[in-house]
Each structure stands twice: as C-alpha cells, then as structure tokens.
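# A look at the structure
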Amino acid sequence: MTMKPQRPRYKAAVVTLFAIAFLVVCLGFTIIRLLDLERDLRTDGMHTDIWMVTQTQFEAAMLAEALARKAAREEIAVPEQDPAFRITILISRLAILLEGPQGEALEGIGLSGDLKLAYLRLTLAEPLLQSEVSPQTASLLQAEARDLAHLLRDAANRLLIHSRGTAASKRENYAHVVFQSFAFILGIVLSAAFLLHRLFRGVQEASQAKQLLRQEQELSDLVINNVSNQGIVMFDDRLECLLWNPGMEGLLNVGPDQAIGRLLQDLDPLFSKADVAHSLHLAVEGTSSVFEDVAADESGAERCLEINCFPVSMAQRRLGIAFVRDVTEQWLARKQAERQNFDLEIKVLQRTAALRQAERRLIAAIESAAEGFAAFDWTGKLLFANEQIWAAAPVALWCREEMSLPVFLRCFSMCDGADERLLVAQPPFDEIELDVLIKKDVWARLSVTKADGSTIFVRLTDISGYKQVARALQSALDRERETTNAYRNFVSMVSHQFRTPLAILDSSAQRILRRGPNLTPEELVTRIQKIRSAGHRLTRLVESVLNAAKLDAGRIELNPEPCDLVHLVTDICERQSELNSKADIRFHVPETPVQVYCDIMLIEQVVINLLSNAVKYSGENPTVEISVWTDGTRAFCSVRDLGIGIPLDELPKIFDRFYRARTASGIAGTGIGLNFAQKIMHLHGGGSQVESYEAGGSLFTFDLPLSNADLAQQAA
Amino acid sequence: MRYVTLLGMLAAMWAAGAGAASALEPLPPPNGPVLLTITGDIAQTNAPGKAQFDRAMLEALGQASYTTSSEVSVKPMIFEGVPLRAVLDRVGASGKSMRATALNDYQVSIPMDDLRFEPILAMRVDGRTITPRDKGPLWIVYPRDQQPVLKDVRYDSRWVWQLSRLHIE
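Read on for an overview of the structure.

## Looking at the overall build of chain A
When you go through chain A residue by residue, the secondary structure sums to 21 helices and 17 strands. For chain A, the proportion of its 716 residues judged to be buried stands at 37%. Taking all contacts inside chain A whose residues are at least 6 apart in sequence as the whole, residues at least 24 apart take part in 56%. Accessible area for chain A stands at about 43,300 Å²; split by element, carbon and sulfur atoms hold 58% of it.

This is the structure:
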C-alpha cells in the first residue's frame, strides 16, 4: 500500500508499548505494596517484646520468692523452686532481652543499660547460689531480684506506650498503601481500557487493510489482463511461469491457460537464449535489467522486443517479472538514424581536412610576411604568433614563455613612444595603435585590432624608413620656422628702432629747409648735432646688426690674451661714468688682479652692454653694482641694477636675438645686445646667467676661466 | 546449606528406620541427668508412665542440622541435634499433637502434622553445646529459612527452648 500511514502506525506502536509498560509498572507497584503490607502484618514485634518482658519479670519475682524462702531458712524440696535453678532461668530470659529484636526495642526506650547491669550482677551471684547460701545473702539478693522485677514492670509499661505510638504510625502507613494501591488500580484500569481500545482498532484496521489489498489485487489483475500492447510475465527461480497476460499472447501466440505452470524455455525459443535466461535469473536474485532482443519471425521479417526484468517479492517468495514490448518500429528508425549519422560523420571529416589545409596555407602566408603577426583570443590567450613577432627585440628579450596579450603588451611598455595603455591592458582589450622604438634606430608600428568581437590581432610593422624621412622633414621645417621668426623679429625691431632716428633726421632737415636764412647759427648747430647724433645711432644699429650677422656666419675671430678682469671692468666703468654722470656705480672687486685669458675687445663689449643696459633700464637715478670674484678655476663678474626688471615668463627668451621684454617698450634697443654677449661668452667657453624680478631689478652674471698663471699663483 | 539439610534428612530417615527397628526394644533407663521427659500416649517407657532421656540416649537416636535464622536472631545460626521424629518414633508416640513444656513452664501445643517440616531437638548452636543459661539444653528448631511458610508467628511460638517435657495427646 502507500507509505503514508507508516509514521502514525509507528507512533501508535510506541503509545501501545507505553500503555503496556504503564500497566506492568502499576501492577508491579500494587503487588509490591501489598506484599510489604503482608510482611508487616506477619510479624508482631510489639506483642512479643512485652510478653518477653513480662516473662522475665515473672522469673525475677519467682527468684525473689525462692530467695525469701531461703532467707527464712525454709527447706526447698522441689529442685525447680530452688534459687539456683530460678536464677539460671532468669539469666537466660534476661539474655534474650539484651540481644536480638528485643534488645533493639529496649535500647530504643533507653532501658538496656540498667538491664545489662542487672544481668552482670545476676551472673556474678549465680555461683553463690550453687552452694549453700546464708540467709543474709539470700535476703540481699532477694531485694535485688525484687528491684529487677520492678524495673521490668516499668519496661513493660514503657514498651506498651511506645508500641502504641508505632502502631498508630503503622496504621497511617496502611491507609497510605491502600490509597496508593487504589491509584495504581486506577492506572491499571485506564491502561487496560486503552489497550482494549487499541486492540479493537487494530482488528478494524486489519480488516480494512485486507479489503484494500483485495481491491488492489483485483485492480492489478484488471490492469495486467487488459494491457494488450505490452506482455507481462511473472516467474519463479526455476523460470516456471506464474502469470501470463493477454499481451504476451499477442506477442508470442501462446495463451495464458497454456503458459501458466510450465517452464518458460518450453513456451518460446526466446527464453531459451542464454543471455535472456541469465537476465531472468538475475531478476529473481534481485537485479533489474533491460535489453533488446532481435529475431526474425516466421515470415522472415526482423522483429525487436524490449524486455524489462525486475525482481518482485511476493508472500516472502523471490520472484521475477518481465515486461515485453514490441519496439520494432523504433528500432528500425534508430537503425536508419545511425546510418545517416555515419554518412554525416564522413562528410564532416572531409570538410575538416579541407579546412585544415586552408588553415595551413594561411599560416604559411602569415609566416612568410615581412611584418609580425599574432592572434589572441578574447581572454588574451595566445592563439598564434609568427616568427617575426618572436624575433621582435622586446619579445625576444622579455617574454619568450607564457605569452599572453597583457604580457606581450607589457614587453613594449619600456620602448620609446609607449604609453600606459600597454601597462593596463586587461580583457576586454581596447584597440591600440602606436609607434614604438623597439631598438636603436628601428621604429615599429604596434596595432591591436579586434575582429568579430572575439579574436584579437596584433601587427608589428617596421616603419624605420618612414620615421627617418619624417624626422628630416621635421628638422627642415624647424629651421625654416626659426628663420621666419628671426626675420619677423628683425623687421619689427627695424621698424621701431630705425624709424626714430630717421624721423629725427627728417624733421631736422625740414626745419633747416623751412627756416633757411632765418636760422640762427646756435639753432643750426643744435639741429646739425641732432642729425649727427641720429646718424651715429643708425651707424651703431647697423654695426650691431652686422656684428650679429658676422656672429651667425661665424666670422668673428677670437684673439685671446691674458688680462686683468678687475682692471678691465673699472676702466670701463670710469668711462661710462664720464658719459652719464647721474649714474651711481658701486664696485665690489678684489684688491688683487684677477687674471683671465680672453679677447679684450669682445669682453669689453659684453661689459659695456650689460652696464649700459643696467643704466638704461633704471630710470632717472640709476644705481648699479658691479662685483668680481673667483671660485675654483673660474672668474665671475656680475652687474646688478634696481630697475624695471624682466617678467618671469620672459626670462628664458631674454637672450634670443631681437627679443625684448615687454617692460622695455618705450626704451630704445635692438634686442641684439644680450644675444651678442651670450654668444661671445660661449666663444670663450663661459656662460651667462640672469636673475630678475619685475620692478625689482636684474642681476646678470658671466664667468670666464682663470688664466693658467693666475691659477698657479692661487695654488702658491 | 542445602547439602547439610540433605545430610540431616538422610540422618533423620536412618534414625527413623533405626527407631522403627528398635521400637520394640525396651527403653533403657537414663544414666546421666534427664534432659527430656515424654509422657502421655506412648508405647515405650523407662519410668512409671513416662520415658526419660539423657544426653547420650538422645544423641544415639541420630543427627540432623539446619542453618537458619530465628525469631531471636536475624543472623542465620547452625543448629545441630536429634530429629524430633526419631525421638517420637523411639517412644512409639501416637497422637494428634504434643504439648511441649519448657523449664519456665512455657507451654505450647504442636500438631503432629509439623513433623512434615522435620523439626529437630537442637543441642548445639554454632558448634557450642547449649545450657539452660542459653536456651538449652534442648531447643525445638524448624527449618525456617528453607520453607517460607514457617516464617510466621504461629510457627515461631513452637520454637520451644529450654524444652524439658513432651506430653503426647
């Protein structure tokens, strides 16, 4: 049947067991309690104790009487009345009171001490009585025996009172036991009622189950007999047929009435086959199996039967059941499909071979190409790389093994032209195209492209030739740009600086022409002076331009000779002071001469240039500070002014030819002087530096190598 | 204990047999102090109307022993003595009951039926001969531990100690 009632049934069994256990326990307790009671009733300690005490008391009285007769010197004829006999009996009685249950009872009421003492005294007196005893001793002993009798009478009284108390508590105990037994009997009744109920239910369930089983049996018979498209056969371990449904008849043409009770081997050759018989035996032993059997029927057509064998356990017998089904159609269809599958596989093999050949051709083409080529899958795993890729300098150096796309790109990250994209490349990779210098004078274009979203191609093309041509073109362009720039600066300078003296010339000439004879000789002189001055200025401009041109053409020749830099500088300054008396020129020069080796004419030009600039750009009252000092093998000269200064952003360009700072607008100048000075210093193997702050003044410094003589002197 | 009991039974049977054989023999007079006097409905006497036994005569009637607890002692003790049945057979006692009397005149009536428990007249307890001082010289002992039915106050009162006389009725 179904498995569902299993759990409640299990529970019910536990409950029933519990009820039985409860019943047994109740019964057990009741019996134990009643047995206890019975044992309690069987002994009557109280009565015995009192009886024992009174017996002893009687003996004590008897002894006292015998002794009284002895004390009265009476002759005692009966030996049982002699004190010697009576004391023996008394001692034996007293001994019983001191041991066993009576001893415990008297101990309980606190009398055993006195009794023990009396016992001792009697034991001591006994030998006295064996021989003839004097009347005095007899009367003394008589008093003691009487005292003992009194003591025993008290003991009997106290025992009675004590035992009545005990009896009362015992009665209470009996009542208790009765109540307990009643409770246990109630338990017994309840559990018995429950068990009866269960028994009744069990019988009912059993009959229901039997009925259900019968219905199921009928149903399964109905199903088995009406399944016509499937044969069902049941058999025992000898393969004797136990069940044969109409489906089997349809398949094997043997009716159920012919089949049941006969061996399967005799019914159809199918069951005689060794593997079929083996499977049937296996089913009986407990192993399921399924197989197909192909056989030709009488007409010669092939027929396929599918046989499912299962073990069955029925009424404690190990049986087997087999389901037989005609699957010829499916079998034929499967055979057809297998055949088609085989054809398809051959086709696939042919196509694959063709594809392989195409692939080989493609790889050969890639291998023979001049440029490097590699393919990676979308995770960056290398699929293919040709020899040119492996031979590329960074790859050959850094990553011969375990090449993946990130590793590959990182190889190139230290080449010129690389950027951080090569370092951070991770799946999914971005497309990259850049030019890298992979070794000296060899440029390559590295391009990473993605094809159909999964494959990544890398190409490495040598572009060194292209790069060389580009560089040549770039330098030509730079030169051209420089020339144009110089030309533009020159034109701007000329338009500013040449125009002013020319205007002065023109205006002076116009004035002389207009005034003519009216011109006073003083005014004429003034005008002519102005014209000359303008002429000088133009000459200077032309000279400086020519100087620059000469310098450019490398036509200035250096004529070095030893000279004293201090002397040279002070000489120039004195001359300059004569020209501009307003200027305040201060010196910081060493007292000893500083010998340098230079072209005096050119260095003079440099100093004059720096000094005149300092004065020119310092406004009304120029203050100029000139210093000369030596440091190591070099001599230094600096010129400081407190004039208009040069803006910070223009400092790097201040030595360019024709360049003038924006603070210098409005002050005449060509932008040639500083450029010229720097070039002269370069010719001498020296340098020139500038420090300046806008509106704070400028400091120009140049340096020259000390002459050998001066060095020797310093060393000395 | 069971072994001892069996021995006791065998001894009792032998004694009974001997008793039956010697029942016709006249009872000789006692030589030592008399321990037990039997009166009443008896066939054999050695004094007018009564049969008297000294220690030697009793011991000659057979041996039996029990190890059992008693009313006066919870601890089992070893009782040795003469089977009561052997003594009664020796004097040819025939009656329904016997009245046992102790030295202190304690009296109790014992039905003859009790012979089925094979009680003994113990003379030694725990190997020591008992005297009037300690419940001697004779003590009727039932196999109380061996037969549960004997654990009853009715039987306890038949354990007569300091037994001196038996009167058969």
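Past the structure itself, the notes keep going.
## Comments concerning the interface of chain A and chain B
On the chain B side, the residues contacting the 22 residues of chain A number 14 residues. Carbon and sulfur atoms make up 53% of the area that chain A and chain B hide from each other, which totals about 1,500 Å². Our count for the contact surface shared by chain A and chain B stands at 2 salt bridges. Here glutamate 99 of chain A ties to lysine 135 of chain B by a salt bridge, and the two come within 3.2 Å at their closest N and O atoms. Inspection of the region where chain A meets chain B yields 3 residue pairs in polar contact (both at pLDDT 80 or more). When residues of the side of chain A that touches chain B are traced back to their parent elements, those giving at least two are α2 (45–71), α3 (83–98), α4 (100–108) and α5 (112–130) of chain A. Sort the elements by how many residues they give to the side of chain A that touches chain B and α3 of chain A lands first, with 8 residues. Residues belonging to the side of chain A that touches chain B are distributed by class as follows: 8 nonpolar, 7 polar and 7 charged.

## What to know about the packing of α5 of chain A against helix α6 (residues 135–226) of chain A
Residue and element names in this part refer to chain A. Running from N to C, α5 and α6 cross one another at 150°; their axes reach a closest spacing of 11 Å. By the angle between their directions, the pair α5 and α6 is classed as roughly antiparallel. Between α5 and α6 the crossing geometry is left-handed. Where α5 abuts α6, its residues Asp114, Leu115, Ala118, Arg121, Leu122, Ala125 and Leu129 lie against Leu141, Glu144, Leu148, Leu151 and Leu152. Residues belonging to the contact of α5 with α6 are distributed by class as follows: 9 nonpolar, no polar and 3 charged.

Analysis parameters
- Residues numbered from 1 in each chain as written.
- Chains lettered and ligands numbered in written order.
- Predicted model: local features only at pLDDT ≥ 70, side-chain atom pairs only at ≥ 80, totals over all residues.
- Heavy atoms only, no water.
- Helix = DSSP H or I, 4+ residues; strand = E, 2+ residues; numbered from the N terminus.
- Buried < 20%, exposed > 50% of the residue type's maximum accessible area, 1.4 Å probe, protein only.
- Contact = heavy atoms within 4.5 Å.
- Areas by Shrake-Rupley, 256 points an atom, 1.4 Å probe, with all protein chains shown as cover.
- Buried area = accessible area lost by both parts, 1.4 Å probe.
- Salt bridge = Lys/Arg side-chain N within 4 Å of Asp/Glu carboxyl O.
- Polar contact = N/O pair within 3.5 Å; in protein donor to acceptor, adjacent residues only side chain to side chain.
- Nonpolar A, V, L, I, M, F, W, Y, C, P; charged D, E, K, R; others polar.
- Axes fitted to C-alpha atoms, helices over the stretch in contact; angles between N-to-C directions.
- Parallel < 35°, antiparallel > 145°, perpendicular 65-115°, else oblique.
- Left-handed = near helix turned anticlockwise from the far one by under 90°.

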